[in-house]
Amino acid sequence: MDAGATRAVASDLPSLDRLLNTARFVALIAQHGRTPVVVAARAELDHLRARALAGALDREAAGTAAIAVPVEERLAAAARPRLRAVFNLTGTVLHTNLGRAPLPDVAIDAVARALAAPVNLEFDLATGGRGDRDDVVEALVCELTGAEAATVVNNNAAAVLLLLNTLANRREVVVSRGELVEIGGAFRIPDVMRSAGARLVEVGTTNRTHAHDYAGAIGARTALLMKVHASNYAISGFTASVQEKELAAIAHAHALPLAVDLGSGSLVDLSRWGLPKEPTAREVLGAGADLVAFSGDKLLGGPQAGIVAGRRELVARLKKNPLKRALRTGKATLAALEAVLVLYRVPERLAERLPTLRLLTRPAAAIEQQAQRLLPALQSALGDRYELAIAPMRSQIGSGALPVDELPSCGFRVRAVKGQGGLRRLEQALRGLPRPILGRLADKALWLDLRCLDVTDEADFIVQWSLLAE
Ligand SMILES: *Cc1c(COP(=O)(O)O)cnc(C)c1O
């Protein structure tokens, strides 16, 4: 047969109008809306016209039925949510870029209820008068930390900003040089100080700060002594820092408050589950701190939020600051936070009920068994292009908590049979799955730490790998 007879020319293509009037496109318009369908159809026609002019378009590909297929694909891709569930096999449990703490079902249900109906967010059901949205969780925070009062804002960065702006605007805050940390790029203590209008007075040195350093820095313009919990780094060796109790005594001797940015802010002693010890909000307040600030979505295992707890009169000033209005949380956050805090009332069951703690306390042996279970499915999906092995690895808690402590874990080490390029292709293909699988490229291997793969997600995980093989 003559090759020319099977080739389409540009005039073989249907007009945009004719295309849009076919039944298939009418259905697409009903589903996706007219404008997106017109844009996608026009783009596809342009593409086909260029191919026809190049003599590279088959007759069958120029028919309306054939044109609908790629248009449907374009529309489906555009309709896919931008925010998608992924498998976090990076080995970092509280991964800021992956949204940190996964929430327990009770919190998810509470969020759904709060979003679906009107709620008494700022309405006092007892009096019928106006309420304060902090009331949703304030009593719980006080119960769990021993604080007199508490307030909640959008995240811990906002909590520190609000605290500094309220208590130290145009005045001085004394902080140890060893604690002038940067947390995840955009949050640096000195920058937050400046944004809050507070003047930073650095004392001590990077590795050693003493009580007399603080005492010597206090003057007429001092508003606050502040301590920042070590995040993302550890200073080891010849070090000295002043603990909360001593620092509180110095502050109070000068009638000044002590504020502590706890960062992660645990509400329970994690050593109970064999995890490294973090100071709890209760301990730090008990040691004399007047205010503590901490995140809702780090070790606490809740939604993104920042909590300030401590002395009643100081918290009352924070609530009155107009910035509070700008930094406040929405009802979804408060609903989730309340549900998570309620779980802390029964610490004995926390490791089974709170996903973050459940993931952090998974024994390496259980993770290895999971790897053994999954190995055959992954092996058949990868074929002989990659070499797959079960390997011990170390997970990190993440989000600046306990920076030097790593948890023994297990997972897969994938190597390309033919060099590094193949490995990048695999990493990219895993990222391109309907539910992307994210690992870590290092030492010419892709490392997939299974710590954060919930057993209930295993079936879906295997489905994703089977899609990879297609
Ligand atoms: C993480 C962290 C913050 C910021 O908290 P976000 O909830 O991420 O805003 C502030 N201070 C310290 C010490 C931290 O570790």
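Residues numbered from 1 in each chain as written. Predicted model: local features only at pLDDT ≥ 70, side-chain atom pairs only at ≥ 80, totals over all residues. Heavy atoms only, no water.

Draft legend 1. Broad picture of the overall build of the protein. Regarding its fold elements, the protein presents 20 helices and 15 strands. Across its three principal axes, the protein shows a C-alpha extent of roughly 100 × 55 × 40 Å. Across the protein, contacts joining residues at least 24 apart in sequence account for 75% of those joining residues at least 6 apart. Total accessible area on the protein is roughly 22,400 Å²; 52% of this is exposed by carbon and sulfur atoms. (Helix = DSSP H or I, 4+ residues; strand = E, 2+ residues; numbered from the N terminus. Contact = heavy atoms within 4.5 Å. Areas by Shrake-Rupley, 256 points an atom, 1.4 Å probe, with all protein chains shown as cover.)

Draft legend 2. Summary view of the packing of helix α6 (residues 105–116) against helix α15 (residues 331–343). It is at 8 Å that the axes of α6 and α15 come closest, and there the two elements cross at 150°. In terms of orientation, α6 and α15 fall into the roughly antiparallel class. By crossing handedness, the relation of α6 to α15 is classed as right-handed. Contacts from V106, A107, A110, V111, A114 and L115 of α6 reach α15 at K331, A332, A335, A336, A339, V340 and L343. Of the residues assigned to the contact of α6 with α15, the class counts are 12 nonpolar, no polar and one charged. (Axes fitted to C-alpha atoms, helices over the stretch in contact; angles between N-to-C directions. Parallel < 35°, antiparallel > 145°, perpendicular 65-115°, else oblique. Left-handed = near helix turned anticlockwise from the far one by under 90°. Nonpolar A, V, L, I, M, F, W, Y, C, P; charged D, E, K, R; others polar.)

Draft legend 3. Seen up close, a positive patch on the surface. Taken together, R171, R221, R317 and K320 make up a surface patch of like positive charges. Of note, R171 is situated in the loop between α8 (156–168) and β3 (172–176). Looking at R171, the relative accessible area reads 34%, which means it is partly exposed. (Patch = residues over 30% accessible without salt bridge, like charges linked within 9 Å, V, L, I, M, F, W, Y side chains within 5 Å. Salt bridge = Lys/Arg side-chain N within 4 Å of Asp/Glu carboxyl O. Lys, Arg positive; Asp, Glu negative; His and termini not counted. Charge placed at Lys NZ, Arg CZ, Asp CG, Glu CD. Buried < 20%, exposed > 50% of the residue type's maximum accessible area, 1.4 Å probe, protein only.)

Draft legend 4. Region of interest: the UniProt feature "domain: L-seryl-tRNA selenium transferase N-terminal" (unreviewed entry) in the protein. Per the UniProt entry, the sites bearing "domain: L-seryl-tRNA selenium transferase N-terminal" (unreviewed entry) are residues 12–49 in this numbering. Helix makes up 82% of residues 12–49 and strand 0%, whereas the separation of the span's terminal C-alpha atoms amounts to 9 Å. (UniProt positions renumbered as here; feature names shortened; annotations may be inferred.)

Draft legend 5. Expanded view of the domain arrangement of the protein. You can read the domains of the protein as domain 1 (10–79), domain 2 (87–96 + 359–467) and domain 3 (105–351). On a C-alpha basis, the centroid separation for the pair domain 2 and domain 3 is 34 Å. (Domains from an automatic or database assignment.)

Draft legend 6. Focus on empty space enclosed by the protein. Taken as a whole and assessed by the stated rule, the structure comprises one cavity of 30 Å³ or more. Partitioning the lining of the largest cavity into residue classes produces eight nonpolar, one polar and no charged. (1 Å grid on protein atoms, 1.4 Å probe; cavity = no way out; pocket = protein on both sides within 12 Å on 5 of 7 lines; lining within 4 Å. Points joined across faces, edges and corners; volume = space filled by probe spheres on them.)

Draft legend 7. Here's a closer look at the sheet that holds strand β11 (residues 386–396). Strand order in the open sheet formed by four strands is β11-β12-β15-β14, with antiparallel pairing between adjacent strands. Each having just a single partner strand, β11 and β14 (440–442) make up the two edges of the open sheet. Averaged over neighbouring strand pairs, the angle between their axes works out to 35° when direction is ignored. In this structure, β11 lies alongside strand β12 (residues 406–416), joined through 11 bridges in antiparallel fashion. Residue pairing across strands places I390 opposite F412, the latter belonging to β12. Sheet strands in contact with helix α18 (residues 364–382) are β11 and β12, and its direction is about 15° off that of β12. (Pairing = 2+ DSSP bridges.)

Draft legend 8. Broad picture of the packing of helix α3 (residues 23–32) against helix α4 (residues 34–53). Where α3 meets α4, the axes come as close as 7 Å, and the angle between the chain directions of the two elements is 130°. Taken as axis vectors, α3 and α4 run oblique relative to one another. Across from F25, L28, I29 and H32 in α3, the residues of α4 making contact are R34, P36, V37 and A41.

Draft legend 9. How the structure looks around the packing of aromatic side chains. According to the stated counting rule, one finds two aromatic pairs in the structure shown. For the ring pair F87 and F461, a centre distance of 5.1 Å and an interplane angle of 75° mean the geometry is edge-to-face. With F87 in strand β1 (residues 87–88) and F461 in helix α20 (residues 458–469), the pair connects residues that are 374 residues apart, well separated along the chain. A residue is classified by how much of its surface remains accessible, and F87, at 2% relative accessible area, is buried. Judged by its relative accessible area of 0%, F461 falls in the buried class. With 6.0 Å between their ring centres and 75° between their planes, F461 and W465 make a pair best called edge-to-face. Taken as a pair, F461 and W465 lie in helix α20 at a separation of four residues, close to a single helical turn. You'll find F461 and W465 in the same group, each marked buried. Following the ring pairs from residue to residue traces out a cluster consisting of F87, F461 and W465. Geometry around W273 places R272 over its ring, the cationic atom sitting 5.4 Å from the centre. (Phe/Tyr/Trp six-rings, centres within 6.5 Å; stacked < 30°, edge-to-face > 60°. Lys NZ or Arg CZ within 6 Å of the ring centre and 35° of its normal.)

Draft legend 10. Seen up close, the UniProt feature "modified residue: N6-(pyridoxal phosphate)lysine" (unreviewed entry) in the protein. With numbering aligned to this structure, UniProt lists the feature "modified residue: N6-(pyridoxal phosphate)lysine" (unreviewed entry) at K298. As for its placement among the helices and strands, K298 is situated in the loop between β9 (291–295) and β10 (306–310).

Draft legend 11. Here's a closer look at the pattern of salt bridges. Overall, the coordinates contain 31 salt bridges when judged by the stated rule. A salt bridge links D46 to R49, with the shortest nitrogen-to-oxygen separation between them at 3.2 Å. Of this pair, D46 and R49 both sit in helix α4, three residues apart, roughly one helical turn. Since its relative accessible area comes to 41%, D46 is described here as partly exposed. Given the relative accessible area of 33%, R49 is considered partly exposed. For the salt bridge of R100 with D297, the shortest nitrogen-to-oxygen distance reads 3.0 Å. Of this pair, R100 sits in the loop between β1 and α6 while D297 sits in the loop between β9 and β10; the two residues are 197 residues apart in sequence, bridging distant segments of the chain.

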